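Structure assessment
Each chain, written out:
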Amino acid sequence: MTRKKPQFKAPMKESDIFNRSLLKIRREHIAENFGKYDFLNLEISDRLIDNLRDIKRTFPTVLNMNTSKQNVTDHFKKSFIIHQDLAFNMLHSKFTASVQADEEFLSFKNQSLDLILSCLNLHWVNDLPGALVQILRSLKPDGLFLGAILGGETLTELRRSMLKAEMDHLGGIRPHISPFTDVRDAGALMQRAG
């Protein structure tokens, strides 16, 4: 007798684009080998940290959302760093605080953080304006948010190739790549969030 593997169906609202429960499960599964394939995350993390070198001030309390832990730890030797991720297995930090939490529901005290870094994780939130408002609320009045998301022109060639292949072979198309935020739209979202 063969047993069927149970199917996972995460609850989603009708307005949701991304299944956050499924994203969490996938991140839990990739955590063990993430370091072998995190070249894009490392490159963008390096650029985020490099931008901070131009800012001549200290950040005593730092929230790190998916930026390379080593880069953040090396740069903020005198700061209290909180590493946050949706997946528990992605949090392998021996010397700093780690919090398993969803970017859509930040659970930090109002005006408690000096710096929030986000590297490619806000791309998959269902309510980006709401997440930005929570980030603003968590920052001290002179706090800084520095983040990176995939922009509107990212993977254009791949998207075109997939659309053409599906039209040629299936006679129709299905979305395979997450929607990307245009630079102007990102600026408008930041203004809307305050």
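First things first, this report covers the structure right here in the doc.

Analysis parameters
- Residues numbered from 1 in each chain as written.
- Predicted model: local features only at pLDDT ≥ 70, side-chain atom pairs only at ≥ 80, totals over all residues.
- Heavy atoms only, no water.
- Helix = DSSP H or I, 4+ residues; strand = E, 2+ residues; numbered from the N terminus.
- Buried < 20%, exposed > 50% of the residue type's maximum accessible area, 1.4 Å probe, protein only.
- Contact = heavy atoms within 4.5 Å.
- Areas by Shrake-Rupley, 256 points an atom, 1.4 Å probe, with all protein chains shown as cover.
- Pairing = 2+ DSSP bridges.
- Right-handed = clockwise from strand over helix to strand, strands pointing away.
- Axes fitted to C-alpha atoms, helices over the stretch in contact; angles between N-to-C directions.
- Parallel < 35°, antiparallel > 145°, perpendicular 65-115°, else oblique.
- Left-handed = near helix turned anticlockwise from the far one by under 90°.
- Nonpolar A, V, L, I, M, F, W, Y, C, P; charged D, E, K, R; others polar.
- Phe/Tyr/Trp six-rings, centres within 6.5 Å; stacked < 30°, edge-to-face > 60°.
- Salt bridge = Lys/Arg side-chain N within 4 Å of Asp/Glu carboxyl O.
- Polar contact = N/O pair within 3.5 Å; in protein donor to acceptor, adjacent residues only side chain to side chain.
- Expected span 1.5 Å × (residues − 1).

Once that is clear, we can look at the overall build of the protein. Helices and strands together make up the secondary structure of the protein, namely 6 helices and 5 strands. Each of the 194 residues in the protein was classed as buried or not, and the buried ones make up 39%. Counted over contacts in the protein with a minimum sequence separation of 6, partners at least 24 positions apart contribute 61%. Of the roughly 13000 Å² of accessible surface on the protein, a fraction of 56% belongs to carbon and sulfur atoms.

What follows concerns the pairing of strand β5 (residues 139-148). In this structure, strand β4 (residues 113-119) lies alongside β5, joined through 6 bridges in parallel fashion. From the neighbouring strand, Cys119 faces β5, where its bridge partner is Ala148. For the handedness criterion, the β-α-β arrangement of β4, helix α4 (residues 128-138) and β5 is classed as right-handed.

Okay, the packing of α4 against helix α6 (residues 183-193) next. Packing of α4 against α6 brings their axes to within 9 Å, and their N-to-C directions diverge by 50 degrees. For the element pair α4 / α6, the angle class is oblique. In the crossing of α4 with α6, the sense of the turn from one axis to the other is right-handed. Packed against α4, whose contacting residues are Leu128, Pro129, Leu132, Val133 and Leu136, the element α6 presents Leu189, Met190, Arg192 and Ala193 at the interface. Across the contact of α4 with α6, the residue classes tally to 8 nonpolar, no polar and 1 charged.

Here we come to the packing of aromatic side chains. By the definition in use, this model includes 1 aromatic pair. On the numbers, 6.3 Å between centres and 80 degrees between planes, the contact of Phe59 with Phe76 is edge-to-face. Here Phe59, found in the loop between α2 (39-52) and β1 (61-65), pairs with Phe76, found in the loop between α3 (69-75) and β2 (80-85); they are 17 residues apart in sequence, far enough to count as distant. A single burial state applies to Phe59 and to Phe76, both of which are buried.

This next bit is on the pattern of salt bridges. Under the criterion given, the structure shown has 7 salt bridges. With its nearest N and O atoms 2.6 Å apart, the salt bridge here joins Arg27 to Asp85. Of this pair, Arg27 sits in helix α1 (residues 20-30) while Asp85 is found in strand β2, placing the two residues 58 residues apart along the sequence. Among the ionic pairs, Asp114 bridges to Lys140, the shortest N-O distance being 3.3 Å. Taken together, the residues Asp114 in strand β4 and Lys140 in strand β5 connect sequence positions 26 residues apart. A relative accessible area of 4% places Asp114 in the buried class.

Pairing in this open sheet of 5 strands is parallel, and the strands run β3-β2-β1-β4-β5 from one edge to the other. In this open sheet, the two strands that pair with only one neighbour each are β3 (97-100) and β5. Ignoring which end each strand starts from, the neighbouring axes of this sheet average 20 degrees apart. One ladder, built from 4 bridges, connects β2 with β3; its direction is parallel. Of the residues in β3, the one forming a bridge with Asp85 is Gln100. Against the sheet, α2 contacts β4 and β5, and its axis sits at roughly 150 degrees relative to β4. In the packing of α4 onto the sheet, the strands contacted are β1, β4 and β5, and the crossing angle to β5 comes to about 140 degrees.

The exposure class assigned to Arg27 is buried, which follows from its relative accessible area of 15%. Of note is the side chain of Arg27, whose polar atom sits 3.2 Å from the side chain of Asn66. Beyond its immediate chain neighbours, meaning those up to four positions away, Arg27 contacts Asn66, Asp85, Ala87 and Met90.

Okay, helix α5 (residues 156-170) next. Compared with an ideal rise of 1.5 Å per residue, which puts 15 residues at 21 Å, α5 spans 21 Å between its outermost C-alpha atoms and is within 8% of the ideal. Phi turns positive, to about 75 degrees, at Gly171, one or two residues after α5.

Take it as geometry only, folks, not as evidence of what the structure does.
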